[in-house]
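# Structural description and commentary
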Amino acid sequence: MKNIVSMNDLSNEEVYKLINRSLELKNGSDILKRDDLFVANLFFENSTRTKHSFEVAEQKMKLNLINFETTTSSINKGESLYDTCKTLEMIGCSILVIRHQEREYYKNLTNLNIPIVSGGDGSGEHPSQCLLDLMTIYERFNKIEGLKIAIVGDIKNSRVARSNFNILTRLGADVKFVSPDVFKDISLGEVVNFDTVINDIDICMLLRVQHERHDGEIVFDKDEYHINYGLTQERYRKLKDSAIVMHPAPVNRGVEIADSLVESDKSVIFEQMKNGMYMRQAILEKIIKDNNL
Ligand code: CP
C-alpha cells in the first residue's frame, strides 16, 4: 500500500508534484471524481480544519463518506484500531484518513490492504498540514530552497514542527527554532533567540502551545510567554516587508500571536486553511492513482 503517514513517505519530487497539483486545483483545474469509492475519516483527537477540509475535498471528489464516529464506534467496546480498520477494509472502504493520539499508530496497521492518510499521530507528524504549509510558502515565494524560516513555540509536542523541519530542510530551506527550554527538542535543530532572527526571516511559523499534551506538569504564564516568544506588534514591525506569518491553528490569540495580528497583512493563517482543502484533494487524488483504486 502507498500511504501518506509521514513526510518520509514522499520524495522531494513527489512533494513538488503535490504542491503544483494543489495550486492547479486552486486555479480551477478539474479534480478526479470517483463515486464508486468509499472513504472513512477516523478522528480520535479533536479537529476542525483537518477533518472538515478532508470532508469537503472528499465530497467535491464525489467519494462516498462513511459516517464513522469514534464516540459511537465499537472502539468503545474495546475493539482495537487494527480490527476497526480491517473491518472497514472488509466492508468495502477504499481509503482511511486517521488522526490518532498515539505516536506512529500506523506501525500497527501494516497488515491492512487499504491505504492510510494520516491526519496526525500524537506528537509525531502531520503530513497533510505540512504539505498545505509548503503549498502556501511556494504560492507566495515561488521557491522553498534558500528561504529563512523560524519555527516558534512548543516544538517538543508539535507534529507540525517535526514534519516541517524534515521536509523544509530536505528542500534546502534554512530552518531555526525559537522555543523556551520546556518546549525545546534538541534532537531537531538549532534554537535561537527570537529577537536576533526576527528582522532576517522570510517566514515566521508560529506553533500552538499544546496544553493537552503537557499532563499538567508545566507551569505556564501566557502573558510571559507572549512577551518572550509571541509575535507582538513590536516584533511584527521588525519583519521584512516580504515576510509572512504562519500558524497551523487553532490559535491561542494573545499567546502565540497578538490578537490584532491574526488577520494582519503579513498573516497567511486563514489562507493556509483555504489551501488545506486543495492540498487534501491533491493528496487523495495521488492515493487513488498510486494504489490503482
Ligand atoms: N491545524 C490543525 O490540524 O487543525 P485541526 O486540529 O483543527 O485539524
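Note: the structure precedes this text.
In this report, the structure presented in the accompanying data block is examined.

Each value, and the rule that gives it
Residues numbered from 1 in each chain as written. Predicted model: local features only at pLDDT ≥ 70, side-chain atom pairs only at ≥ 80, totals over all residues. Heavy atoms only, no water. Helix = DSSP H or I, 4+ residues; strand = E, 2+ residues; numbered from the N terminus. Expected span 1.5 Å × (residues − 1). Bend = angle between axes of the 7 residues up to and from the residue. Buried < 20%, exposed > 50% of the residue type's maximum accessible area, 1.4 Å probe, protein only. Salt bridge = Lys/Arg side-chain N within 4 Å of Asp/Glu carboxyl O. Axes fitted to C-alpha atoms, helices over the stretch in contact; angles between N-to-C directions. Parallel < 35°, antiparallel > 145°, perpendicular 65-115°, else oblique. Left-handed = near helix turned anticlockwise from the far one by under 90°. Contact = heavy atoms within 4.5 Å. Nonpolar A, V, L, I, M, F, W, Y, C, P; charged D, E, K, R; others polar. Pairing = 2+ DSSP bridges. Phe/Tyr/Trp six-rings, centres within 6.5 Å; stacked < 30°, edge-to-face > 60°.

### Some points on helix 9 (residues 269-290)
Along its 22 residues, helix 9 runs 31 Å from first to last C-alpha, staying within 8% of the 32 Å computed at 1.5 Å per residue. At glycine 276, helix 9 shows its strongest bend, of approximately 30°. Judged by how many residues are buried, helix 9 sits mostly within the fold: 16 of 22 residues are covered. Looking one or two places after helix 9, you find asparagine 292, whose phi comes out positive at around 50°.

### Some remarks on the pattern of salt bridges
With the rule as written, the count across this model stands at 20 salt bridges. Across the pair arginine 159 and glutamate 45 runs a salt bridge whose closest N-O atoms are separated by 2.9 Å. Here the residue arginine 159 occupies a position in helix 5 (residues 159-170), and glutamate 45 occupies one in the loop between strand 1 (38-43) and helix 2 (49-60), the gap between them amounting to 114 residues. Assigned by exposure class, arginine 159 and glutamate 45 land together as buried.

### Quick word on the packing of helix 2 against helix 9
Put simply, helix 2 and helix 9 touch, their axes get as near as 8 Å, and they point 55° apart. It follows that helix 2 is oblique to helix 9 by the angle criterion. As for the relative orientation of helix 2 and helix 9, their crossing is right-handed in sense. Every residue of helix 9 that contacts helix 2 at Arg49, Thr50, Ser53, Phe54, Val56, Ala57, Glu58 and Lys60 is listed here: Met273, Gly276, Met277, Arg280, Gln281 and Leu284. Taken together, the residues of the contact of helix 2 with helix 9 break down into 6 nonpolar, 4 polar and 4 charged.

### Let's talk about the sheet that holds strand 5 (residues 148-152)
The 4 strands lie next to each other as 6-5-7-8, forming an open sheet whose pairing is parallel. With partners counted over all chains shown, the strands left at the sheet margins are strand 6 (174-178) and strand 8 (244-246), one partner each. Along the sheet, successive strands turn relative to each other by an average axial angle of 20°, direction set aside. The pairing of strand 5 with strand 6 spans 5 bridges and is classified as parallel. Across the sheet, isoleucine 149 pairs through a bridge with valine 175, a residue of strand 6.

### Quick word on the pairing of strand 7 (residues 203-206)
Judged by which residues are buried, strand 7 turns out to be covered on both faces: Ile203 and Met205 on one side and Cys204 and Leu206 on the other are all buried. By the bridge criterion, 4 bridges tie strand 5 to strand 7 in an arrangement that is parallel. Residue pairing for strand 7: valine 152 is matched across the bridge by leucine 206. Across 3 bridges, strand 7 lies against strand 8 in parallel orientation.

### A few points about the packing of aromatic side chains
Taken as a whole, this structure holds 6 aromatic pairs when the rule is applied. On the numbers, 6.1 Å between centres and 65° between planes, the contact of tyrosine 16 with tyrosine 138 is edge-to-face. Here tyrosine 138 lies in helix 4 (residues 127-141) and tyrosine 16 lies in helix 1 (residues 12-26), a separation of 122 residues in the sequence. Looking at tyrosine 138, the relative accessible area reads 18%, which means it is buried. Ring geometry for tyrosine 225 versus tyrosine 229: centroids 5.6 Å apart, planes at 40°, classification tilted. In this pair, tyrosine 225 and tyrosine 229 are both assigned in helix 7 (residues 222-229), 4 residues apart and thus about one turn of the helix distant. Look at tyrosine 229 and you get partly exposed, because its relative accessible area is 23%. In this structure an aromatic cluster arises from ring pairing among Phe183, Tyr225 and Tyr229.

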